[in-house]
Amino acid sequence: MKTYWLEIDGRPVKVLAEKLAGKLWYHMDGETRVYEPESKYASGKSSRASATPGVIAAPMPGKIIKVFCEQGDFVKVGQVVVTMEAMKMEYSLESNIEGVVTAANFKSGDQVAVGQEIVKVEAADG
Amino acid sequence: MQNFKKVAIANRGEVAVRIIRACQELGIKTLLLHSEPDSKTVAWRMADETVCIGPATTIESYLNIESNIEAARSHGADAIHPGFGFLSENAAFARACEDAGMVFIGPSSQSIDLFGDKISAKNLVEKAGGPVIPGYQGEDQSEATLLEKIAEIGFPCIVKAAAGGGGRGLKVITAMEEAKGAIEASKREGLSAFGSDKVFLEKYLDAAKHIELQIFGDASGEVFCLGERECSVQRRHQKIIEEALSPALDEKLRREMTDVAVKIGKAANYRGAGTVEFLLQGQEFYFLEMNTRLQVEHPVTELVCGVDLVKAQINTAQGHSVSWAQQPTFHGHSLECRLYAEDPYQMGIPSTGLLGSCHWPHGPGRRFEVGFEPGDEVTSFYDPMIAKIIVWDESRPRAIRKMRQVLRETVIFGVKTNIPLLIEILDHPEFTSGEMTTKFIEKNFSKTLIDYGLDDSQKRAVQGLYQRVGDSGPNEFSGSTSFLPNPFLQSWGSRR
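Note that the structure is a prediction, hence the values are computed from the model and not measured.

S.K.: Sorry, what's going on with the overall build of chain A here?
M.R.: Helix and strand counts for chain A come out as one helix and twelve strands. Secondary structure of chain A in N-to-C order comes out as β-β-β-β-α-β-β-β-β-β-β-β-β. Relative to its 126 residues, chain A shows a buried fraction of 33%. Long-range contacts, defined as pairs at least 24 residues apart, comprise 47% of the intrachain contacts of chain A with a sequence gap of at least 6.

Written as structure tokens, this is what we have:
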């Protein structure tokens with residue numbers, strides 16, 4: 001970590017920063033943040049806790065405890081479709097749309113990586 | 001009486017470091033019993049000796065009684081300190097220590113048995129005249145019986161792993177249709193975390209504070225009470241911020257709760273550090289559980305009482321009495337924040353990875369309990385708590401202000417932490433007024449924290465900085481290596 005002085009709106013601002021694996025970690029104004037250039041990672045956004053409608057993906061690496069739906073099942077918004085365990089805690093993943101399950105790719109005990117699609121739902125009116 | 005020459009530590013992270021420091025100050029050698037990935041931790045570097053007791057999975061390492069005992073015995077340890085979590089409240093482990101000729105640093109296996117099973121604990125408290133919450137603690141664990149009892153207790157109620165501590169295996173049921181799923185989940189978590197699927201049920205108090213009393217039974221049989229801690233700031237039943245003393249107790253209530261806590265300790269012939277947890281709603285308090293071990297949040301008690309609980313544990317296990325006053329004098333106010341490796345802007349999902357540089361802003365009344373250093377890896381195998389920050393100041397408002405300042409100065413690179421959430425909590429009027437209940441987080445922080453981000457000129461400055469920090473320089477991590485470049489290692493390398 002090194003100290004840098006940046007000029008922001010004509011004022012000197014002290015920033016502590018370090019680049020780790022291509023990402024810039026910096027501490028400014030009492031908060032630590034991460035910056036990565038957008039172009040490089042624009043296509044990698046789907047690895048985040050999924051906001052894609054109908055895709056229920058693992059928000060973190062972990063183990064599947066139970067999948068509560070099968071292909072063809074009808075699910076509602078907010079209905080728990082999967083429970084998984086990570087870091088000793090159980091997490092419930094809910095469907096973010098109403099519709100029919102078109103894929104349920106995992107079973108109890110399976111390991112999943114972050115961003116991996118666990119259940120896919122097709123919108124009911126689609 | 002006995003003087004230990006070597007103490008084995010059956011734990012990891014910051015608590016292992018805490019125990020090693022206490023042993024060093026007492027002139028006792030340390031032996032760290034660790035899992036495979038934990039050879040890259042502060043405790044591993046500090047211990048006099050280390051033994052690997054198994055792979056990452058806790059059931060094969062930190063929860064494996066045989067390999068812990070065997071490693072400690074074969075390396076000549078006189079005693080084992082279990083820390084907290086893992087085997088710390090496992091009576092079979094305490095007995096196995098004794099059978100192998102080593103001292104278990106903690107209460108007797110009978111005490112652990114008594115309190116470890118929440119059901120027999122409640123029975124003891126009831127007999128000692130302590131107040132308990134309505135619930136079901138029976139042996140009949142059939143689904144039909146549990147469902148029937150849930151209907152009797154009413155909603156909301158909770159189902160909880162009988163062998164559990166903290167929030168493991170605990171589910172809140174607000175309506176009958178949730179009951180079946182909650183029981184199943186609780187049994188499952190209990191089985192995987194503690195090897196027992198026994199559960200119990202109880203009424204859920206919805207505006208209660210979590211108040212716990214620190215008790216300590218010394219070698220002469222005396223039971224001390226070192227005041228209370230308030231741990232109402234909890235999320236998913238895991239504590240986030242703790243403090244001593246509680247802003248909610250007056251002298252009268254403190255005396256009442258102290259009396260009950262000491263009575264419970266005496267009834268059990270309790271030896272060592274223990275915590276009697278209560279829920280306090282209005283002026284009514286109910287026994288929750290007794291933890292027969294050191295607590296994560298023990299430092300706040302140490303700071304307001306002027307004691308060292310870990311050294312006291314070790315001394316007690318050696319048969320020495322403590323020299324405390326029966327009525328402790330409390331001094332100032334202490335707060336603890338638990339630092340979790342998680343992303344507060346993404347619903348608190350765990351953040352794992354290689355730790356980069358860190359900065360801990362030391363100063364008067366600031367204590368940092370840290371288990372990792374730059375270059376160490378935060379994995380998803382264990383609890384996401386990577387450090388604790390504890391502050392002391394003359395009053396509660398000053399302690400809050402100090403903690404806020406310390407959190408703003410603390411820098412951790414490489415994994416995201418809950419520091420932004422901690423600061424928001426410290427700023428919340430319900431917290432500063434001291435009125436928070438165990439519902440505080442759920443009520444005020446149930447949604448993910450909103451990141452207001454940077455303004456345009458800040459963004460431009462950071463983009464410029466990205467180019468400047470560039471690809472060279474001694475602070476650069478390359479993605480695949482697991483250690484920070486160490487200048488000493490590098491100069492050795494160039495000589496070869």
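Still to come is the rest of the account.
S.K.: I keep staring at the overall build of chain B and nothing clicks. Help me out?
M.R.: If you tally the helices and strands in chain B, you get 17 helices and 23 strands. The globule rule puts the C-alpha radius of gyration for 496 residues at 23 Å, and the 23 Å found for chain B is close to it. In terms of principal-axis extent, the alpha carbons of chain B reach across some 70 × 55 × 45 Å. Within chain B, buried positions represent 51% of all 496 residues. Residue pairs in contact within chain B that sit at least 24 positions apart in sequence constitute 65% of those at least 6 positions apart.

S.K.: Would you mind going over the sheet that holds strand E9 (residues 199-203) of chain B with me for this structure?
M.R.: Neighbouring strands of a sheet are bound in pairs by backbone hydrogen bonds; such pairs are parallel or else antiparallel. Residues and elements named next belong to chain B. Strand order in the open sheet made by the four strands is E6-E9-E7-E8, with antiparallel pairing throughout. Edge positions in the open sheet fall to strand E6 (135-136) and strand E8 (171-173), since each of these has one partner strand only. Bridge analysis of strand E7 (residues 157-161) against E8 gives three bridges, and the strand direction is antiparallel. In the strand pairing of E8, Val-159 is matched with Lys-171.

S.K.: Help me understand the domain arrangement of chain A in this model?
M.R.: Accessible area lost when the parts come together is the quantity often used to give the size of an interface. Entries for chain A in the domain assignment read domain 1 (2-36) and domain 2 (48-123). Distance from the C-alpha centre of domain 1 of chain A to the C-alpha centre of domain 2 of chain A: 37 Å.

S.K.: I would appreciate a short explanation of the pairing of strand E14 (residues 284-291) of chain B in the present structure.
M.R.: It is a general feature of regular strands that their side chains alternate between the two faces of the sheet. Residue and element names in this part refer to chain B. Burial within E14 is extensive, with six of its eight residues counted as buried. The pairing of strand E13 (residues 272-281) with E14 spans seven bridges and is classified as antiparallel. Its bridge partner lying in E14, Glu-277 is registered against Glu-289. Hairpin connection between E13 and E14: a loop of two residues separates the two successive antiparallel strands, and Gly-282 in this loop has a positive phi of roughly 65°.

S.K.: Looking at this model, I keep getting lost on the sheet that holds strand E3 (residues 23-28) of chain A. Mind explaining?
M.R.: As summarised here, the arrangement of the four strands in space is E1-E2-E3-E4 (chain A), forming an open sheet in which the pairing is antiparallel. Across the chains shown, the open sheet's two edge strands, defined by having one partner strand only, are strand E1 (2-8) and strand E4 (31-35) of chain A. For this sheet, the mean inter-axis angle between neighbouring strands, taken without regard to orientation, is 35°. Strands in contact with helix H16 (residues 456-469) of chain B are E1, strand E2 (11-20), E3 and E4 of chain A; relative to E1(A), the strand with the most contacts, it is inclined by about 140°.

S.K.: So what exactly am I meant to see when it comes to the environment of A:Val34 here?
M.R.: All names here are of chain A. Note that Val-34 resides in strand E4. Judged by the 13 C-beta atoms lying within 10 Å of it, Val-34 is partly exposed. A sequence separation of 17 residues divides Val-34 from Ala-17, and the C-alpha atoms of the two residues are 9.6 Å apart. Val-34 has contacts with Lys-23, Leu-24 and Trp-25, leaving out every residue within four places of it along the chain.

S.K.: Just checking my understanding: could you explain the confidence of the model for chain A for this structure?
M.R.: Low pLDDT means the predicted coordinates in that region are not meant to be read closely. All names here are of chain A. With 88% of its residues at a pLDDT of at least 70, chain A reaches an overall mean of 83. The lowest-confidence element of chain A is helix H1 (residues 38-41), averaging 53 in pLDDT; the highest-confidence one is E3, averaging 96. In the predicted structure, residues 40-50 sits below a pLDDT of 50 and forms twelve contacts with residues beyond four places in sequence or in another chain.

Cut-off values and rules
Residues numbered from 1 in each chain as written. Chains lettered and ligands numbered in written order. Predicted model: local features only at pLDDT ≥ 70, side-chain atom pairs only at ≥ 80, totals over all residues. Helix = DSSP H or I, 4+ residues; strand = E, 2+ residues; numbered from the N terminus. Buried ≥ 20, exposed ≤ 12 C-beta atoms within 10 Å, placed from the backbone. Contact = placed C-beta atoms within 7 Å. Rg over C-alpha atoms; globule rule 2.2 N^0.38 Å. Pairing = 2+ DSSP bridges. Domains from an automatic or database assignment. Axes fitted to C-alpha atoms, helices over the stretch in contact; angles between N-to-C directions. pLDDT = per-residue confidence, 0-100.

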